[in-house]
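# Commentary on secondary and tertiary structure
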Amino acid sequence: MKIAYLSLTGNVRDFVEKTGLSSIEINYNGPYEEVGEPFVVIVPSYDEMITEKVSLFVQFGSNEQNLLGFIGSGNLNFDHDYCFNAKDLAKNFQKPLLYTFEFSGTPNDVYQFKEALNQYAGAGIK
Ligand SMILES: Cc1cc2nc3c(=O)[nH]c(=O)nc-3n(C[C@H](O)[C@H](O)[C@H](O)COP(=O)(O)O)c2cc1C
């Protein structure tokens with residue numbers, strides 16, 4: 001199981017590093033890479049372009065078949081727009097929204113994220 005992630009200012013990258021799991025970073029300017037195994041996608045929240053770029057990544061090669069679900073990073077001050085990109089992607093691709101967290105996440109977020117992977121995505125990680 002892998003994490004594919006997009007990060008514009010480093011928060012999501014920091015979160016992914018804290019998980020210690022295998023990952024690939026989605027290239028915002030050329031999101032065309034095939035993961036080739038089951039994976040989840042973690043996205044930050046900014047504007048519609050995030051949804052568009054990540055959609056290109058998901059639609060590339062066999063990615064959509066291997067995709068287990070989405071996770072969002074955001075800021076609760078954005079209120080009803082909190083993590084809207086991850087929510088929109090989950091809806092558009094009919095995959096679960098597995099978890100959301102603020103900024104680069106707390107130790108508890110890392111724990112809850114792994115719990116969600118095991119519970120909903122059958123990841124089998126510790
Ligand atoms: C210009 C701007 C717009 C943002 N818009 C949203 C938003 O609509 N919803 C939200 O939950 N967070 C929003 N955020 C917060 C970021 O998604 C959050 O800080 C995230 O952790 C950034 O991840 P990154 O550093 O990996 O790019 C915004 C941040 C910036 C700077």
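Structure shown above.
Scope of this entry: the structure provided in the associated data block. (Residues numbered from 1 in each chain as written. Predicted model: local features only at pLDDT ≥ 70, side-chain atom pairs only at ≥ 80, totals over all residues. Heavy atoms only, no water.)

## Examining the overall build of the protein
Using the following cut-off: Going along the chain from the N terminus, every DSSP run of H or I of four or more residues is numbered as a helix, and every run of E of two or more is numbered as a strand. Radius of gyration here uses only the C-alpha atoms, and the compact-globule reference equals 2.2 Å multiplied by the residue count raised to the power 0.38. Classification of residues uses two cut-offs on accessible area relative to the type maximum, computed with a 1.4 Å probe and protein chains only: under 20% is buried, over 50% is exposed, and between them is partly exposed. Residue contacts follow a heavy-atom distance rule, with two residues in contact if any of their heavy atoms lie within 4.5 Å. Residue burial considers only the protein chains on display, and all accessible areas are found by Shrake-Rupley using a 1.4 Å probe. In this tally, Lys and Arg are treated as positive and Asp and Glu as negative; His is ignored, and so are the chain termini. Positions of charges follow a simple convention, taking NZ of Lys, CZ of Arg, CG of Asp or CD of Glu.
Helix and strand content of the protein: five helices and five strands. Order of helices (α) and strands (β) in the protein, N terminus to C terminus: β-α-β-β-α-α-β-α-β-α. For a compact globule of 126 residues, the expected C-alpha radius of gyration is about 14 Å, and the protein comes in at 13 Å, within 12% of that figure. Seen along its three principal axes, the alpha-carbon backbone of the protein occupies a region of about 35 × 35 × 25 Å. Sorting the 126 residues of the protein into buried and exposed places 49% on the buried side. The long-range fraction of contacts in the protein, counting pairs at least 24 apart against all pairs at least 6 apart in sequence, stands at 66%. Total accessible area on the protein stands at roughly 6,500 Å², and carbon and sulfur atoms take up 47% of it. Distance between charge centres in the protein, computed from 9 positive and 16 negative side chains, equals 6 Å.

## Quick look at the sheet that holds strand E4 (residues 67-74)
For the record, the criterion: Only strands that DSSP links by at least two bridges are regarded as paired with each other. Lines fitted to C-alpha atoms define the axes here, with helix axes fitted over just the stretch in contact, and angles between the N-to-C directions of these axes take values from 0 to 180 degrees.
If you walk across this open sheet you meet the five strands as E2-E1-E3-E4-E5, and the pairing is parallel. Taken across any chain shown, the strands that pair with only one partner, and hence form the sheet edges, are strand E2 (23-25) and strand E5 (97-102). Strand-to-strand twist across the sheet, computed as the mean angle between neighbouring axes with direction ignored, equals 20°. The sheet contact formed by strand E1 (residues 2-5) and E2 spans three bridges and is parallel. Of the residues in E2, the one forming a bridge with Ala4 is Ile24. Sheet strands touched by helix H1 (residues 11-19): E1, E2, strand E3 (39-43), E4 and E5. Its angle to E1, the strand with the most contacts, is close to 170°. The strands touched by helix H4 (residues 84-93) are E3, E4 and E5; relative to E4, the strand with the most contacts, the crossing angle is about 160°.

## Topic: a nonpolar patch on the surface
Applicable threshold: Nonpolar side chains (Val, Leu, Ile, Met, Phe, Trp, Tyr) within 5 Å and like charges within 9 Å form the patches, drawn only from residues with over 30% relative accessible area and no salt bridge. Only one rule defines a salt bridge in this text: a Lys or Arg side-chain nitrogen within 4 Å of an Asp or Glu carboxyl oxygen.
A contiguous nonpolar patch, built from Tyr32, Leu56 and Phe60 and spanning about 270 Å² of accessible area, is present on the exposed surface. Mapped onto the secondary structure, Leu56 falls in helix H2 (residues 48-58).

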